[in-house]
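# Structural description and commentary
In case you want the letters, here they are:
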Amino acid sequence: MLSAAVVAMSVLSAPPPPSEPLLPPYVPRSAAIGLFINPPMVAPHLRLFWEGYLVDQPRNALIWIAGLGTAFGVNTQPPMTAHFQHVVVAGFGFRSDHPLLHWGFHVAAGPVWYRAAYARGSIFGFENRVLGYIEGRAQLGIRVLPHLRIALYAGYASPFTFQAQYPGNTFVGGFDTGLAVDWR
């Protein structure tokens with residue numbers, strides 16, 4: 001009887017088994033809808049992110065992050081008529097979850113492919129270029145459910161280099177703000 005009580009107590013006091021991910025690895029873990037602000041142009045954008053744990057503690061996690069996204073320029077100034085940017089990034093981040101509060105940050109880099117079109121007769125030619133790119137952002141939000149977080153974020157993104165002969169590269173990235181949803 002005593003041995004059964006000891007075994008029962010050790011089973012009950014053991015840490016819970018690690019939680020299994022809700023989704024398979026190929027499904028994104030978070031999404032963000034935001035706005036690049038790079039006056040006078042703004043660019044709405046959508047991002048999907050895959051995340052994994054490097055170090056996982058009860059409330060804090062050091063993560064790797066990989067993402068892809070697209071944005072299109074609104075309010076382009078003449079002679080520019082269109083501006084698009086598509087990005088693939090990878091990097092590292094930190095997430096902290098409390099019973100109600102969620103916060104974190106990440107830094108990621110990768111290539112950005114941007115396209116800029118200009119009015120016919122402009123001194124600028126069509127731009128279709130790939131540049132190195134880096135972004136960083138911090139987020140603050142709430143845990144709606146144990147595996148669902150909603151957060152507001154702010155950050156900055158920029159290509160590694162700017163070249164004067166390509167004016168479209170000055171409108172890649174910029175101040176970044178928006179809403180992120182995380183379903184780890």
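Worth saying up front: this structure is predicted, and the values here are computed from it rather than measured.

Parameters and conventions
- Residues numbered from 1 in each chain as written.
- Predicted model: local features only at pLDDT ≥ 70, side-chain atom pairs only at ≥ 80, totals over all residues.
- Heavy atoms only, no water.
- Helix = DSSP H or I, 4+ residues; strand = E, 2+ residues; numbered from the N terminus.
- Contact = heavy atoms within 4.5 Å.
- Phe/Tyr/Trp six-rings, centres within 6.5 Å; stacked < 30°, edge-to-face > 60°.
- Buried < 20%, exposed > 50% of the residue type's maximum accessible area, 1.4 Å probe, protein only.
- Lys NZ or Arg CZ within 6 Å of the ring centre and 35° of its normal.
- Core = buried A, V, L, I, M, F, W, Y, C linked by side-chain atoms within 4.5 Å.
- pLDDT = per-residue confidence, 0-100.
- Polar contact = N/O pair within 3.5 Å; in protein donor to acceptor, adjacent residues only side chain to side chain.

## With respect to the environment of alanine 180
In this structure, alanine 180 sits in strand β8 (residues 174–182). Residues alanine 180 and arginine 47, 133 residues apart in the sequence, show an inter-C-alpha distance of 9.1 Å. Setting aside chain neighbours within four positions, we find alanine 180 in contact with Ala31, Ala32, Arg137, Gln139, Arg149, Ile150, Ala151 and Tyr153.

## Some remarks on the packing of aromatic side chains
Counting across every chain of the model gives three aromatic pairs. Ring geometry for phenylalanine 94 and tryptophan 103: centres 5.2 Å apart, planes at 50°, overall tilted. Since its relative accessible area comes to 32%, tryptophan 103 is described here as partly exposed. Taken together, the ring pairs connect Phe94, Trp103 and Phe105 into an aromatic cluster. Its guanidinium or amino end placed over the ring of tyrosine 166, arginine 129 lies 3.8 Å from that ring's centre, counting from NZ or CZ. Looking at arginine 137, its charged tip hangs above the ring of tyrosine 153, at a distance of 4.0 Å from the centre.

## Side note on the nonpolar core
Phe36, Val89, Val112 and Tyr133 are the most contacted members of the largest nonpolar core, which has 22 residues in total. It is strand β5 (residues 101–118) that contributes the most residues to this core, five residues altogether. With near-sequence residues (within four places) excluded, valine 89 lies in contact with Phe49, Ile65, Ala66, Gly67, Ala108, Ala109, Gly110, Tyr133 and Glu135.

## Let's talk about the confidence of the model for the protein
Per-residue confidence for the protein gives a mean pLDDT of 90; residues scoring 70 or more make up 89%. Averaged pLDDT values for the elements of the protein fall to 46 in helix α1 (residues 2–13) and rise to 98 in β5. Low pLDDT (under 50) marks residues 4–18, which in the prediction has zero contacts with non-local residues, meaning those over four places away or in another chain.

## Some points on the side chain of histidine 102
With respect to the helices, strands and loops of the structure, histidine 102 is situated in strand β5. Of the residues examined, histidine 102 reaches a relative accessible area of 0% and is grouped as buried. Reaching out from histidine 102, the side chain makes a polar contact with the side chain of aspartate 97 at a distance of 2.7 Å. Polar contacts involving the side chain of histidine 102 include one to the side chain of glutamine 139, which spans 2.9 Å. Contacts of histidine 102, omitting those with residues within four sequence positions, involve Arg95, Ser96, Asp97, Gln139, Leu140, Gly141, Ile142, Arg143, Arg149, Ala151 and Arg184.

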